[in-house]
Amino acid sequence: MHHVLHRLGLAAAVLLALAGTGCATFARGSTQSLTIDSLPGGATVSLSNGERCSTPCTLKLKRKYPVAVELCKPGYRQALAQVRSQVGGAGAAGLAGNMLIGGLIGAGVDAASGAAKDLNPNVVAVLLLEEKPGCTVPAFPLVPEHGQTPEDYARQKAKQKKH
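It should be emphasised that the depicted structure is a prediction, and the values quoted were computed from it without experimental measurement. (Residues numbered from 1 in each chain as written. Predicted model: local features only at pLDDT ≥ 70, side-chain atom pairs only at ≥ 80, totals over all residues. Heavy atoms only, no water.)

### A word on the environment of Pro 144
Here Pro 144 lies in the loop between β10 (130-134) and α5 (150-162). Through-space distance from the C-alpha of Pro 144 to that of Asn 49 is 9.5 Å; in sequence the pair is 95 residues apart. In this view, Pro 144 contacts Ser 48, Pro 66, Val 67, Ala 68 and Gln 82; residues no more than four positions away in its chain are not counted. (Helix = DSSP H or I, 4+ residues; strand = E, 2+ residues; numbered from the N terminus. Contact = heavy atoms within 4.5 Å.)

If you want it as structure tokens, here you go:
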């Protein structure tokens, strides 16, 4: 009888650990909205992952990849910004909770998906400075270390459209 109870307890612990894996991944998701704005508006935004929009805009990006941002508008100086991918407060809490409940497997899932990270700054707000002729041809900034290449980003987008 003692062995049966021991095995049931062990099975319950394993199920609880598996249910808790990827806790931050489930609660927060692996993507985050990044808002980019400029004064004046209407600047072309180019990201190092190949994404492009016009200010103001909001893009859904993977939390685990840092990204470089370029803003270009004729008559204004080119502006560059870096968005870091770092463990945030909510992500750290989710990761710590996952270590207690889900163990290394859950923490590994959260680390691999980037769910424990935040894009920082989350809102990129840029005051563009007048300059003649200014930025006339938008370009894509260089991919930061550990960033997502335009090719990887395009593959990810194509995969999302299939599902």
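Having seen the structure, we can now continue with the description.
### Some thoughts on the sheet that holds strand β5 (residues 67-72)
Strand pairing in a sheet is mediated by backbone hydrogen bonds. Such pairs are either parallel or antiparallel. Spatial strand order, β3-β2-β5-β7-β8: 5 strands in an open sheet with antiparallel pairing. Strands with a single pairing partner mark the edges of an open sheet, and in this sheet they are β3 (52-54) and β8 (117-120). Across the sheet, the axes of successive neighbouring strands diverge by a mean angle of 20°, strand direction being ignored. (Pairing = 2+ DSSP bridges. Axes fitted to C-alpha atoms, helices over the stretch in contact; angles between N-to-C directions.)

### So, the state of the cysteines
Scanning the model with the defined rule gives 2 disulfides in all. Here Cys 53 connects covalently by a disulfide to Cys 57, the sulfurs 2.1 Å from one another. For Cys 53, a relative accessible area of 15% puts it in the buried group. Sulfur-sulfur distance for the disulfide between Cys 72 and Cys 135 comes to 1.9 Å. Between Cys 72 and Cys 135, the disulfide has an S-S torsion of -105° and is therefore left-handed. Of this pair, Cys 72 sits in strand β5 while Cys 135 sits in the loop between β10 and α5, and the two are 63 residues apart along the sequence. Taken individually, Cys 72 and Cys 135 each receive the classification buried, so the pair is uniform in this respect. What connects to what in the protein chain, once the bonded cysteines are numbered by sequence position, is 1-2, 3-4. (Disulfide = S-S within 2.5 Å. Buried < 20%, exposed > 50% of the residue type's maximum accessible area, 1.4 Å probe, protein only.)

### A closer look at the sheet that holds strand β9 (residues 123-127)
Strand order across the open sheet formed by 3 strands is β4-β1-β9, with mixed pairing between neighbours. Only two strands of the sheet have a single neighbouring strand rather than two, namely β4 (57-62) and β9. Neighbour-to-neighbour, the strand axes of this sheet turn through a mean angle of 20°, independent of strand direction.

### So, the nonpolar core
Residues Leu 34, Ile 36, Val 45, Leu 47, Leu 61, Val 69 and Leu 71 are the most contacted members of the largest nonpolar core, which totals 21 residues. Looking at this core, the elements with two or more residues in it are β1 (31-39), β2 (44-47), β4, β5, β7 (79-87) and β9. (Core = buried A, V, L, I, M, F, W, Y, C linked by side-chain atoms within 4.5 Å.)

### Focus on the pattern of salt bridges
Taken as a whole, this structure holds 3 salt bridges when the rule is applied. Across the pair Arg 63 and Asp 118 runs a salt bridge, and its minimum N-O distance is 2.9 Å. Placement of Arg 63 in the loop between β4 and β5 and of Asp 118 in strand β8 is noted, with a sequence separation of 55 residues between them. Across the pair, Asp 118 and Arg 63 agree in class, each one buried. For Arg 155, the salt bridge goes to Asp 152, with nearest N and O atoms at 2.4 Å. Of the two residues, Arg 155 and Asp 152 are both situated in helix α5; the distance of 3 residues between them amounts to about one turn of the helix. Judged by its relative accessible area of 51%, Arg 155 falls in the exposed class. Residue classification places Asp 152 among the partly exposed residues on the basis of a relative accessible area of 33%. (Salt bridge = Lys/Arg side-chain N within 4 Å of Asp/Glu carboxyl O.)

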